[in-house]
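Coordinates in review
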Amino acid sequence: MAFPTETVYGLGADATNESAVAHIYRVKGRPADHPLIVHIGQLSQLDQWAIDIPDYAIALARDFWPGPMTLILKRSEKAKDFITGGQDSVGIRIPANPIALALLREFAGGIAAPSANRFGAISPTTAQAVKEEIGEFLDVHRDVILDGGPSLVGVESTIIECLEDSPRILRPGAITAEMIEKTTGLKIESSKSQTRASGLLDAHYAPKAKVFLLDPINPVVACIAGVGFIAAANHPTPDGAIRLAAPISDDEYASGLYEALREGDRKNLPAIYVIPPAGDGVAIAIRDRLQRAAFEGGSLR
Ligand code: TXA
Ligand code: MG
């Protein structure tokens, strides 16, 4: 079942059912050694999936669940190799979307779910985007897409590894380093270096169009008519470019980013020029995803 969460749509299956989980990997076209996040509906279920949970992880769970945060914890017996990719750890999250929570509480077990996109593509933030990504690979007699409207956060959850004396950010998201430090009273390393260090994360989150990142101070778009353009509302649209988004805040930038990139692909644009947001907070996660999207376009990296 594909279902909405506040970050992005997930493609879910019973986390104890090996053949259902294998179907997720087939639909996504994802390598089998990539671990999945187990979604749960209540904090009381955490002990079923994880052991030796550090106090700081409990503090994070209490402050930020339900919410856009995944904790990487030492796995229990219940978290099998087909969930963890054979690792000794498991990713757990309680999402904040009311439909996701209702589904999880009704089911009462863990739901393993990656983002509901094909491997390497950008995550879907609407039910329509799920259909476009994986519709043709779903089994019409068995698989379902739940439509919960657009995802509010729009970028994937912050992934925090909680295996040592202090937390490490593996993927930046809406729960920021400052928020984690405030809750845990522990110092953590900057998200950027951690993300680069992780070999586990998806290699890219790329649309078909080539993504070029522009310098916010000098955003020159060499006059190519018909390219897409994404930037905060205060940046004017360059002559001949097709505006795909004009967010008025970083939150709005995050929630609309993937749909804007997808719209560029729907319009078959050859390239999308993007001025990334400059600030902290969720802007760090936006820049992280944009740099991954731009990698395939061969622009800034
Ligand atoms: O916001 C989200 O996290 C969304 C929604 C659906 O919950 N899910 C999501 O899942 O983004 P996915 O599979 O697309 O990305 C999860 C990332 C993967 O890069 C995976 O490698 C990493 O989490 N991950 C999962 N379990 C892990 C583990 N035990 N250790 C390290 N990384 C892990
Ligand atoms: Mg993903």
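As a further point, take the pattern of salt bridges. The final tally for this structure, using the stated rule, is 16 salt bridges. A salt bridge links Asp 81 to Arg 75; the shortest N-O distance between them is 2.8 Å. Looking at Asp 81, the relative accessible area reads 46%, which means it is partly exposed. The closest approach of N and O atoms between Arg 142 and Asp 143, which form a salt bridge, is 3.8 Å. Connected via shared salt-bridge partners are Glu 132, Glu 259, Glu 263, Arg 266 and Lys 267.

So, about the sheet that holds strand 11 (residues 210-213). Strands in a sheet are paired, the pairing made by backbone hydrogen bonds, and the direction either parallel or antiparallel. Pairing within the open sheet is parallel, and its four strands lie in the order 11-14-12-13. Where the open sheet ends on each side, the last strands, each with one partner, are strand 11 and strand 13 (242-245). On average, each strand axis in the sheet is tilted by 30° relative to the strand beside it, whichever way the strands run. Summarising the sheet, strand 11 and strand 14 (residues 271-274) pair through four bridges and their orientation is parallel. Bridged to Val 211 within strand 14 is Ile 272.

Inspection of the secondary structure assignment puts Ser 157 in the loop between helix 6 (127-134) and strand 9 (158-161). Engagement of the side chain of Ser 157 in a polar contact is seen with the side chain of Thr 70, the distance being 2.8 Å. The residues contacting Ser 157, other than those within four sequence positions of it, are Thr 7, Ile 37, Pro 68, Met 69, Thr 70, Arg 93, Arg 171, Pro 172, Gly 173 and Arg 289.

Moving on to the packing of aromatic side chains. Per the counting criterion, the structure on display carries one aromatic pair. Look at Phe 212 and Tyr 273: their rings are 5.5 Å apart centre to centre, the planes differ by 25°, and that puts the pair in the stacked class. Taken as a pair, Phe 212 in strand 11 and Tyr 273 in strand 14 lie far apart in primary sequence, 61 residues in all. Its relative accessible area of 9% is what places Tyr 273 among the buried residues. Note that Arg 118 overlies the ring of Phe 137, its terminal NZ or CZ placed 3.9 Å from the centroid.

Bringing the side chain of Thr 184 into the picture now. Its location among the elements puts Thr 184 in helix 7 (residues 177-184). Take Thr 184: its relative accessible area is 16%, and that puts it in the buried class. Those residues in contact with Thr 184 that sit more than four places away from it in its chain are Tyr 56, Leu 60 and Pro 167.

Right, let's talk about the packing of helix 6 against helix 9 (residues 250-266) for a bit. Direction vectors running N to C along helix 6 and helix 9 enclose 50°, while the axes themselves pass 12 Å from each other. Classified by the angle between their axes, helix 6 and helix 9 sit oblique to one another. The interaxial crossing formed by helix 6 with helix 9 has left-handed handedness. Of helix 9, the residues touching helix 6 (which contributes Gln 128, Ala 129, Glu 132 and Glu 133) are Glu 259, Arg 262 and Arg 266.

Conventions used here
Each chain carries its own residue numbering, running from 1 in the direction its sequence is written. Here every chain gets a letter starting at A, and every ligand a number starting at 1, in the order they are written. With the structure being a predicted model, the display of local features is reserved for residues of pLDDT at least 70 and the display and counting of side-chain atom pairs for 80 or more, all residues being used for whole-chain, interface and lining totals. Only heavy atoms go into the side-chain values, all of them from the structure, while hydrogens and water stay out. We define a salt bridge as a contact between a side-chain nitrogen of Lys or Arg and a carboxyl oxygen of Asp or Glu at a distance within 4 Å. Summary of the burial criterion: residues with accessible area below 20% of their type's maximum are buried, those above 50% are exposed, and those between are partly exposed, where the area comes from a 1.4 Å probe applied to protein chains only. A pair of strands is considered paired only if DSSP assigns at least 2 bridges between the two. Numbering of helices and strands runs from the N terminus, with a helix taken as a DSSP run of H or I at least four residues long and a strand as a DSSP run of E at least two residues long. To obtain an axis, a line is fitted to C-alpha atoms, over the contacting stretch when the element is a helix, and the angle between two such axes runs from 0 to 180 degrees between their N-to-C directions. Whenever two N or O atoms come within 3.5 Å, that pair is a polar contact, provided that in protein one can donate a hydrogen and the other can accept it, and provided that, for residues adjacent in sequence, both atoms are side-chain atoms. Contacts are residue-level and defined by heavy atoms, with any inter-residue pair within 4.5 Å sufficient. Centres within 6.5 Å are what make two rings of Phe, Tyr or Trp a pair, Trp counting through its six-membered ring; a difference in plane orientation under 30 degrees is then read as stacked, over 60 as edge-to-face, and the rest as tilted. Put simply, a charge is over a ring when the Lys NZ or the Arg CZ is close to the ring centre, within 6 Å, and near the line of the ring normal, within 35 degrees. By the definition adopted for this analysis, an angle is roughly parallel if under 35 degrees, roughly antiparallel if over 145, roughly perpendicular if from 65 to 115, and oblique otherwise. We call a crossing left-handed when the near helix sits turned anticlockwise from the far one by less than a right angle, and right-handed when that turn is clockwise.

Treat this as a map of the structure, not an account of what it does.
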